[in-house]
Amino acid sequence: MSTRDKTGAPAIGRVLLGRTDELAQLEDKAGLAVEGRGQAVLLRGPSGIGKSQLLRAAEQRFAARGMRVLRADCTEVGSASGYAAVRALFDGIDQDLVQGAARWARAALTPGDDGDLPSGGYAVLHGLYWLVVGLTGEQPLALIVDDAHWADNSSLRWLDFLLRRADNLRLLVVVAQRTGVADGELLTQLTTHESCTTLDVRPLGADDVVDLIAAGLDEVPAPAFAARCTDVSGGNPLLLDRLLSELRRNGVQPDAASVELVQEMGRDVLAASVLSALAKQPDYVTAVARAAAVVGTRPPHLVAALAQVPARSVETAIGLLSRCDVLDEQGRDFVHDQVRTTILAGISEQELHAVRARAARLLNDEGRPAEAVAGHLLLTPVDEPWMQPILRDAAASANRRGSAEAAMGYLQRALGSKWLDADTRTRLQIDLAGLLAQVDPASALPTLREVLGRLTDVRERTPVAALFARAAQPVYSSQEAVELLVEVIDQLDAVIGPEPGPADRELRALAESALLMSATDECSTLPLATARAHAIADPPGHTATEMLTLSLMAMLSAFEGGSVETVLRRARRVMETPDVPVDGMTLLGGSLAFEMAGDIDSALAGLDRTLAETRRRAEPVMHVMALGFRAVIQRRRGELAEAVADAQTAADVAGQELPGLVLTLPQIAQAGVFADLGQPDRALELLGQVVRPRYEEFGWEWYNYALVRAKVSRQLGDLTGALEMLRRCERSLDEAGITNPMYVMWWPEAVDILVELDRREEAAELVGRMSDNIHRWPIPKAAGLIALVTGLVAEDPRDAVAPLTVAIDRLEACGAVPDRIRAGHRLGQALLRAGDVKQARQVLRATMDVATRSGERAELAEIGKLVVEAGGRVRKQTDSPMDALTGSERRVIAMAAEGLSNRAIAESLFVALRTVEVHLTSSYRKLGVSGRAELTAMFRAER
């Protein structure tokens, strides 16, 4: 009777021995997963302990629970191929499921697909997550990854990404890892998830060993014999099975007299049994076994070519290898990977490298995909001229599927070749640096510096310089990029002349857009950016590069307070040319230009388009930036409920999708809202989380930080600190050459603080300077703010009435609600001081109504005191149940009220399905409703 079932598991008949506890734990996890509580198990144990067989037994039990089971068996050859394990998992999946947000998964699954290419690795992770969401929506899902010590890094990163979002999915992930090999960081990372349990597969117990010996040798063993078998095999099922096979073959009886034979035959039993089995076969069988250990057993003609035997001999050899327990009964695979390893250990290292290189050549000649060929090349140092193009093609394929890490591995292997000429080496280095710029920008810069130092043709240097600029920005090295690009553009202009051809014109546009982007990044280089923008004509906008340039020119023109009409013309060109594909940065720049030019409706429409485009392209960084910017605009319009929702959604996306990346705008936007709500302590706590090197040198985000910080300091009673923060804004703007007072509106707050500090003369001087500058930027809000600060500095309250009245009208007309509230507050004060109590009461009550509608509570209490001083009564504010909701909860229930499903909401907001479910559940509890119908009715009634 065999001691193994057809899968090789230690068994008697069909009963798996010694694994009752492990199976029970896996079943418990499956039960939780079926209930919608996502689970994960890291199954660990040494080679031969029975992990794979345990998984196969567990698969049957998972299926009996109604779970869909998908399995990947990782291989040594696939360990460096991007998403190899993922492709194995989802092989043959229904393509109808790879739609919507899941469409980005196609890049990993079918890289030759003609659909949208991912904008980066995140898009693929995002798409694969939504593919799993779709599958778990149909039925509970078990994902099993065996031999994960050979899993590729891209697949492991995705499993980590998935488990961070799996709480409420009907999902079980089981990953089997061989111990005794180096633990990879990514595998270790999986164990940090709360839902993940580590399960160590134990050696077989003494009773199980006795049962297996009795089954294998047809006799109950003597205790000493069983004890020695246990000791020699270590309770390892694979070694025990091989030991029993050898004992049976040699006619050994399981009695006390045979104990020493067990000890003798047990030495290196696996290797001995395999080599003994092969030694009894013809030489061609060993050759086939070695070839199969490298390329597998199919197709036979490939095995024959690698083994250098006739094709008809392969099937015969496979049959013989199955009968001697080297291959499984079907002849498809080795009975255990350790058997495969043992066979390869029988040849010298040099010969093995040569066999792998020959295998790669045969696969290439058969037209196999470049990555399939390159997987073998990474396992051999053999260096031949034909290999380099294959490795480069493999890198391109891996990059298309969103696996920059795999692509880098192929290029680094290619760069080690002695056959490279100088030009090819340079191209490979540029390709590698382009990939590094995506995942590790700091590491890309030394390579790019080396390449730039070697290149002499300026047409070749230009795209490399643009790549350098892209890598420099995230690591705060834009100044170096600016110097480089100025040099390159000067050299390029000298070569292409005043009338360049189309190719040279596009090259020039690439360099100019990279320069403007880099120079706009830091305050110290902004004057250069402005000067460059002045020196070039508006590009026609036929390409994405030209559109980016136009967007940056619109921003720069607004910074310096040039022509409002010019800014609007450029921004409209960016937004109103739908046939030219543009990225999130281009759209965001156009939206900022609209906002500064006073066209708030167009700015918000541009941000809506930015959010839609970044969602479609799965670009979370620009999505977060657009949400944060929209929250800033909504604060300036007094739309605090919307600002709260956007600010918190930005924080949710940044925290969930971009852990570790320094993005400060979400915290700044949230802190600003809390300050508007009169909660300075909460705002200060959020501002304390804003940490970025050299922050003050990075313009727009720091300016917004400074404005919020000043407001919070003032609310906490630190007027001097608030004023100093605003003066730092002024100095920074002067140094950057930004002359438009409407870019960073630090001065109205500064004037108000100076007046409160009784430094009215200083305040009046500041108003005069701003009045001189503002006439060049004739937008309604600018006129309203000048009227406001003119009223603030008036010594006689009667002189303040007229300008403050004008300020209210103008600010209200352009939707600048917070500034209109301040104007109403100060006008009420002035009227009281002038003795016009009745008019003061009317103005203050109207201002309270505006503040109440917007949610602006920072000044509400002070205005209420003035109403009472004017002889009025303050109407009691009735809190709405909606006030208890967070911004994200408001956003989610608004979308639910529109009839969107949880999945549609999650895709739209760029968050995990679990996040939406948590927000809805929390909203139900806070509002005291039991489901969507009641929630929708309450939400609509509130609106």
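The residue numbers shown here count from 1 along each chain, following its written sequence. The model is predicted, so local features are restricted to residues of pLDDT at least 70 and side-chain atom pairs to those at 80 or more, both for listing and for counting; the totals for chains, interfaces and linings are taken over all residues. To obtain the side-chain values, all non-hydrogen atoms of the structure were used and water was disregarded.

Per an unreviewed UniProt entry, the chain is named Regulatory LuxR family protein, and its organism is Kutzneria buriramensis.

**Quick look at the nonpolar core**
We define a nonpolar core as any set of buried Ala, Val, Leu, Ile, Met, Phe, Trp, Tyr and Cys residues linked to one another through side-chain atoms lying within 4.5 Å. Think of it in three bands: residues with accessible area under 20% of the maximum for their type are buried, residues over 50% are exposed, and the middle band is partly exposed, with areas taken using a 1.4 Å probe on protein chains only. Counting residues in each nonpolar core, the largest one holds 295 residues, and the members touching the most others are Phe90, Leu128, Leu131, Leu143, Trp158, Tyr703 and Trp747. Segments assigned H or I by DSSP are reported as helices when at least four residues long, segments assigned E as strands when at least two residues long, and all are numbered from the N terminus. Among the elements that make up this core, the one with the highest residue count is helix α5 (residues 121-138) (eleven residues). Two residues qualify as a contact provided that any one of their heavy atoms is within 4.5 Å of a heavy atom in the partner residue. Contact partners of tryptophan 158, with chain neighbours within four places excluded, come to Tyr83, Val86, Leu89, Phe90, Leu125, Leu128, Tyr129, Val132 and Leu143. In terms of nonpolar packing, the next biggest core, distinct from the first, is built from 20 residues, Leu26, Ala30, Ile49 and Val201 among them.

**A short note on the state of the cysteines**
Sulfur atoms of two cysteines make up a disulfide when they are within 2.5 Å. Using the criterion set out here, one finds zero disulfides in the structure. Free of any disulfide, cysteine 196 has its nearest cysteine sulfur in cysteine 74, 15 Å distant. Take cysteine 523: it sits in no disulfide, and the sulfur closest to it among the cysteines is that of cysteine 729, at 9.7 Å. The exposure class of cysteine 523 is buried, given its relative accessible area of 8%.

**So, the domain arrangement of the chain**
Taken domain by domain, the chain holds domain 1 (19-200), domain 2 (206-271), domain 3 (421-494 + 505-521), domain 4 (716-878) and domain 5 (882-942). Those domain boundaries reflect an automatic or database domain assignment. Here domain 2 and domain 3 have C-alpha centroids that lie 67 Å from each other.

**A look at helix α36 (residues 719-736)**
With 18 residues, α36 ought to run about 26 Å at 1.5 Å a step, and its terminal C-alpha atoms sit 26 Å apart, in line with that. Regarding α36, the residues found buried are Leu719, Ala722, Leu723, Met725, Leu726, Arg727, Cys729, Glu730, Ser732, Leu733 and Ala736. Summarising the contacts, the buried residues of α36 are in contact with α26 (526-535), α35 (699-715), α37 (747-756) and α38 (760-774). Just downstream of α36 lies glycine 737, where phi reads positive at about 75 degrees. By definition here, a helix of n residues has an expected span of 1.5 Å times n minus one.

**A closer look at the packing of aromatic side chains**
Ring geometry is summarised as follows: Phe, Tyr and Trp rings, the Trp one being its six-membered ring, pair when their centres sit within 6.5 Å, and such pairs are stacked at plane angles under 30 degrees, edge-to-face over 60 and tilted between the two. Taken as a whole, this structure holds nine aromatic pairs when the rule is applied. Judged by centre distance (5.9 Å) and plane angle (70 degrees), the rings of phenylalanine 90 and tryptophan 158 are edge-to-face. Residue phenylalanine 90 is located in the loop between α3 (84-89) and α4 (106-109), and its partner tryptophan 158 is located in helix α6 (residues 153-163); the two are separated by 68 residues in the primary sequence. An identical accessibility class is assigned to phenylalanine 90 and tryptophan 158; each is buried. In this structure an aromatic cluster arises from ring pairing among Phe559, Trp702, Tyr703 and Tyr743. Comment: the charge-over-ring label is applied if NZ (Lys) or CZ (Arg) is within 6 Å of the ring centre and within 35 degrees of the ring normal. Taking NZ or CZ as reference, arginine 165 lies 3.5 Å from the ring centre of phenylalanine 161, over its face. Sitting over the ring of tryptophan 150, arginine 178 keeps its end group 5.6 Å from the ring centre.

**Focus: unusual backbone geometry**
In this model, arginine 298 is joined to proline 299 through a cis peptide bond whose omega is 0 degrees. Tracing the backbone through its elements, the reader meets proline 299 in the loop between α13 (283-295) and α14 (300-307). The phi dihedral of tyrosine 83 is positive, around 60 degrees, even though this residue is not glycine. Phi angles above zero are rare outside glycine, and aspartate 758 is one such case at about 60 degrees.

**Some words on the environment of glutamate 35**
You can see glutamate 35 is positioned in the loop between α1 (20-34) and β3 (39-45). The spacing of glutamate 35 and alanine 558 is 523 residues in sequence and 56 Å in space, taken between C-alpha atoms.

**Looking at the sheet that holds strand β4 (residues 68-73)**
Think of it this way: DSSP has to see at least two bridges between two strands before they count as a pair. The parallel open sheet is built from five strands, whose spatial order is β4-β5-β6-β3-β7. The open sheet has two edge strands with one neighbour each: β4 and β7 (196-200). Shown here is a sheet whose adjacent strand axes are inclined to one another by a mean of 15 degrees, direction ignored. Sheet analysis places strand β5 (residues 141-146) next to strand β6 (residues 171-178), joined by five bridges and oriented parallel. Bridging across to β6, alanine 142 finds its partner in leucine 172. Axis lines are fitted through C-alpha atoms, for helices just across the contact stretch, and the angle between N-to-C directions can take any value from 0 to 180 degrees. Contacting β4, β5 and β6, α5 crosses the sheet at an angle of about 130 degrees to β5.

**What to know about the pairing of β5**
Most of β5 sits out of view: six of its six residues are buried. Of the two faces of β5, the one lined by Leu141, Leu143 and Val145 and the one lined by Ala142, Ile144 and Asp146 are each fully buried. The definition of a right-handed crossover adopted here requires that, viewed with the strands pointing away, the path from the first strand over the helix to the second runs clockwise. Assessed by its sense of winding, the connection that carries the chain from β5 through α6 to β6 is right-handed.

**Quick word on the pattern of salt bridges**
Any Lys or Arg side-chain nitrogen found within 4 Å of a carboxyl oxygen on Asp or Glu counts as a salt bridge. The tally for this structure, following the rule as stated, stands at 63 salt bridges. For glutamate 138, the salt bridge goes to arginine 68, with nearest N and O atoms at 2.6 Å. Linking glutamate 138 in helix α5 with arginine 68 in strand β4, this pair joins segments that are 70 residues apart in sequence. The partly exposed category is assigned to glutamate 138, whose relative accessible area is 48%.

**Here's the deal with a negative patch on the surface**
Any residue with relative accessible area above 30% and no salt bridge may belong to a patch, with like charges joined within 9 Å and the nonpolar Val, Leu, Ile, Met, Phe, Trp and Tyr side chains within 5 Å. Under the convention used here, a 1.4 Å probe and the Shrake-Rupley method define accessible areas, while residue burial counts only the protein chains that appear. By the counting rule applied here, Lys and Arg register as positive and Asp and Glu as negative, while His and the ends of each chain are not counted. One atom stands in for each charge, and that atom is NZ of Lys, CZ of Arg, CG of Asp or CD of Glu. A cluster of acidic side chains, namely Asp421, Asp423, Asp457 and Glu460, defines a negative patch on the protein surface. Tracing the backbone shows aspartate 423 in helix α21 (residues 422-439).

**Observations concerning the packing of α21 against helix α22 (residues 441-454)**
Two measures define how a pair of helices packs: the angle their axes make with one another and the distance between the axes. Where α21 meets α22, the axes come as close as 8 Å, and the angle between the chain directions of the two elements is 155 degrees. When the interaxial angle is binned, α21 and α22 end up roughly antiparallel. Viewed along their axes, α21 and α22 form a crossing whose handedness is left-handed. Contact with α21, carried on its side by Thr426, Gln429, Ile430, Ala433, Leu436, Ala437 and Val439, involves Pro441, Ser443, Ala444, Thr447, Leu448, Glu450, Val451 and Arg454 of α22 and no other residues of that element. Residues of the contact of α21 with α22, tallied by class, amount to nine nonpolar, four polar and two charged. Reported orientations rely on four angle classes, namely roughly parallel under 35 degrees, roughly antiparallel over 145, roughly perpendicular from 65 to 115, and oblique for the rest. Note on convention: near helix rotated counterclockwise from far helix by under a right angle means a left-handed crossing. Clockwise means right-handed. For this classification, Asp, Glu, Lys and Arg are treated as charged, while Ala, Val, Leu, Ile, Met, Phe, Trp, Tyr, Cys and Pro are nonpolar and the rest, including Gly, are polar.

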